[in-house]
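# Reading the structure
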Amino acid sequence: IGGGGRIPEADILRGLKWLLEDDRWEQYGVRVLNVSVGGDFDEPWRRNGVSLAAEELNRRGVLIAAAAGNRGYDIILPPAQTPSVLTVGGVDDFNRRWSPLDMFAVLSTGVDEVARLDLYHHNWTEIEATDGPLKKPEVLALARWLPSPILLPSPVLAEMVAIGKLRERLLAGENISLNELRAFFSRLPTYRKRRVAVQYGAQRTEFWRLLRERMNSHKWVHPYYQHVDGTSVSVAQVSAVAAQMVQANPALMPAQIKQLIIETALPLPRQPIERTGAGLIQPTRAVAAAMRAEGGPLGGLPFSGTLP
């Protein structure tokens, strides 16, 4: 990993070439490749090594799904700007419970939940493909409020686990001395000791406030999970759906998988067309379409008249 936590483009290319060499992608049964990182510079895909390697992997039978990026610019970095790559942007549903199929809720409340969805600040662009202009991203997935495991090992994980243990004791009503609480906060690996010193005269309720402050700063879900955001996690959802599609119908080729995901996506007509692509991925519909495609267990059969 290079400076600032970024993975250099040369390393991305090295990984793609490793899969291409001796057809390792086939040896290891790789049919879907998730790429949650981007290249170093904006460069036409025909001149970029990462993009050319992605095109070759696609030609051999691997669907690549790549993150659009999170800066909100009219620019897509490789490999996401490659024509064959399925480029994924993001949607913010504000952490609400909703369903695109809940027509009763629309009729009873007058609220269209789909219209309330907002776009994440993902990148977008238009590239020149062999068949003409192609808008990127082609599809979207959720990009905010996503529970994700915390990386091992890390100072954040150590602090989250410590907070979890202290929280359990406080909720259980254990008698924890102020000295013990002060010592606890002083040991937290990512806590600013300057703030701990300021709080030395605090009462027990103030430590609850500090504890919640730390939980919020780490987007707490659980001692081992936190909320994350970005197209890096959006694309992982799409890659997972694509893998399920291949499992349901191993005969599918990359272009078919990509097309079925696009065709079954939920349109977002109130959002700018240049940034939405086909819309929000619908996993159930995509896998159902894969099963009914040629070679699938339900090949040629119609969809049920009842929506799932």
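In this report, the structure presented in the accompanying data block is examined. Since the model is a prediction, treat every value here as computed from it, not as a measurement.

Reading guide: rules and limits
- Residues numbered from 1 in each chain as written.
- Predicted model: local features only at pLDDT ≥ 70, side-chain atom pairs only at ≥ 80, totals over all residues.
- Heavy atoms only, no water.
- Helix = DSSP H or I, 4+ residues; strand = E, 2+ residues; numbered from the N terminus.
- Buried < 20%, exposed > 50% of the residue type's maximum accessible area, 1.4 Å probe, protein only.
- Contact = heavy atoms within 4.5 Å.
- Salt bridge = Lys/Arg side-chain N within 4 Å of Asp/Glu carboxyl O.
- Pairing = 2+ DSSP bridges.
- Axes fitted to C-alpha atoms, helices over the stretch in contact; angles between N-to-C directions.
- Expected span 1.5 Å × (residues − 1).
- Arc of directions from axis to C-beta.
- Lys, Arg positive; Asp, Glu negative; His and termini not counted.
- Polar contact = N/O pair within 3.5 Å; in protein donor to acceptor, adjacent residues only side chain to side chain.
- Core = buried A, V, L, I, M, F, W, Y, C linked by side-chain atoms within 4.5 Å.

### Overview of the overall build of the protein chain
The helix and strand tally for the protein chain stands at 13 helices and 10 strands. Per-residue burial for the protein chain yields a buried fraction of 43% across its 308 residues. Considering only residue pairs separated by 6 or more positions, the protein chain has 73% of its internal contacts joining residues 24 or more positions apart.

### Regarding the pattern of salt bridges
Scanning the model with the defined rule gives 15 salt bridges in all. Between Lys 135 and Glu 126 there is a salt bridge, and its shortest N-O distance comes to 3.3 Å. Its relative accessible area of 39% is what places Lys 135 among the partly exposed residues. Several salt bridges converge on common partners, so that one network encompasses Asp 23, Glu 56, Arg 59 and Arg 60.

### Observations regarding the environment of Ile 12
In this fold, Ile 12 is placed in helix 1 (residues 9–20). Not counting the four nearest positions on each side in its chain, Ile 12 is found in contact with Ile 7, Val 37, Gly 38, Gly 39 and Val 50.

### Some points on the sheet that holds strand 10 (residues 225–228)
Strand order in the open sheet formed by three strands is 8-10-9, with antiparallel pairing between adjacent strands. Here the strands that pair on one side only, and so sit at the sheet edges, are strand 8 (146–149) and strand 9 (220–222). Taking each pair of neighbouring strands and ignoring which way they run, the sheet shows an average axis angle of 45°. The pairing of strand 9 with strand 10 spans two bridges and is classified as antiparallel. Each residue of the ladder has a partner; that of His 222, found in strand 10, is Tyr 225.

### As for helix 1
For helix 1, built from 12 residues, the straight-helix expectation of 16 Å at 1.5 Å per residue is met to within 8% by its first-to-last C-alpha distance of 17 Å. Looking only at helix 1, the buried set comprises Glu 9, Ile 12, Leu 13, Leu 16, Leu 19 and Leu 20. All buried residues of helix 1 project into a common sector of 120° when viewed along the axis, lining one side. Asp 22 sits one or two residues past helix 1 and shows a positive phi near 55°.

### Some details on the side chain of Asp 93
Its place among the elements puts Asp 93 in the loop between strand 3 (86–92) and helix 4 (103–109). In this structure Asp 93 is buried but unpaired, with Arg 96 as the nearest side chain of opposite charge at 7.0 Å. There is a polar contact of 3.0 Å between the side chain of Asp 93 and the backbone nitrogen of Asn 95. Polar contacts involving the side chain of Asp 93 include one to the side chain of Trp 98, which spans 3.2 Å. Ignoring sequence-local partners within four residues, the contact set of Asp 93 consists of Trp 98, Leu 117 and Leu 142.

### As for the environment of Glu 274
Relative to the assigned elements, Glu 274 resides in helix 12 (residues 273–276). Spatially, the C-alpha atoms of Glu 274 and Glu 126 are 8.1 Å apart, while their sequence positions differ by 148 residues. Discounting residues that sit within four places of it in the chain, Glu 274 has contacts with Trp 124, Lys 135 and Lys 136.

### Considerations on the environment of Leu 298
Structurally, Leu 298 can be placed in the segment after helix 13 (283–292). Taking the relative accessible area as the measure of exposure, Leu 298 reaches 27% and is therefore partly exposed. Leu 298 sits 49 residues away from Asn 249 along the chain, and the two C-alpha atoms are 9.4 Å apart. When sequence neighbours within four positions are dropped, the list of residues in contact with Leu 298 reads Met 291 and Arg 292.

### Considerations on the nonpolar core
Within the largest apolar cluster, 24 residues are counted, with the highest numbers of intra-cluster contacts made by Val 139, Val 238, Met 245, Ile 257 and Ile 261. Elements with a minimum of two residues in this core: strand 2 (63–67), strand 3, strand 7 (139–142), helix 10 (231–248), helix 11 (254–263) and helix 13. Of the residues forming this core, the biggest block, six residues, is contributed by helix 10. If sequence neighbours within four positions are ignored, Val 238 has contacts with Leu 86, Val 88, Val 139, Ala 141, Ile 261 and Ile 281. Of all hydrophobic cores here, the second largest spans 20 residues; its members include Leu 19, Leu 20, Val 30 and Ala 66.

### Examining unusual backbone geometry
The amide bond that connects Pro 78 to the next residue, Pro 79, takes the cis arrangement and shows omega of 5°. Along the chain, Pro 79 turns up in the loop between strand 2 and strand 3. Each neighbour pair has its own omega, and for Leu 152 with Pro 153 the value is -25°, a cis peptide bond. Here Pro 153 is to be found in the loop between strand 8 and helix 6 (155–171). Even without glycine at this site, Asp 22 takes up a positive phi of about 55°. Relative to the assigned elements, Asp 22 resides in the loop between helix 1 and helix 2 (24–27). Residue Asp 23 is not a glycine yet carries a positive backbone phi of 50°. For Asp 23, the location among the structural elements is in the loop between helix 1 and helix 2.

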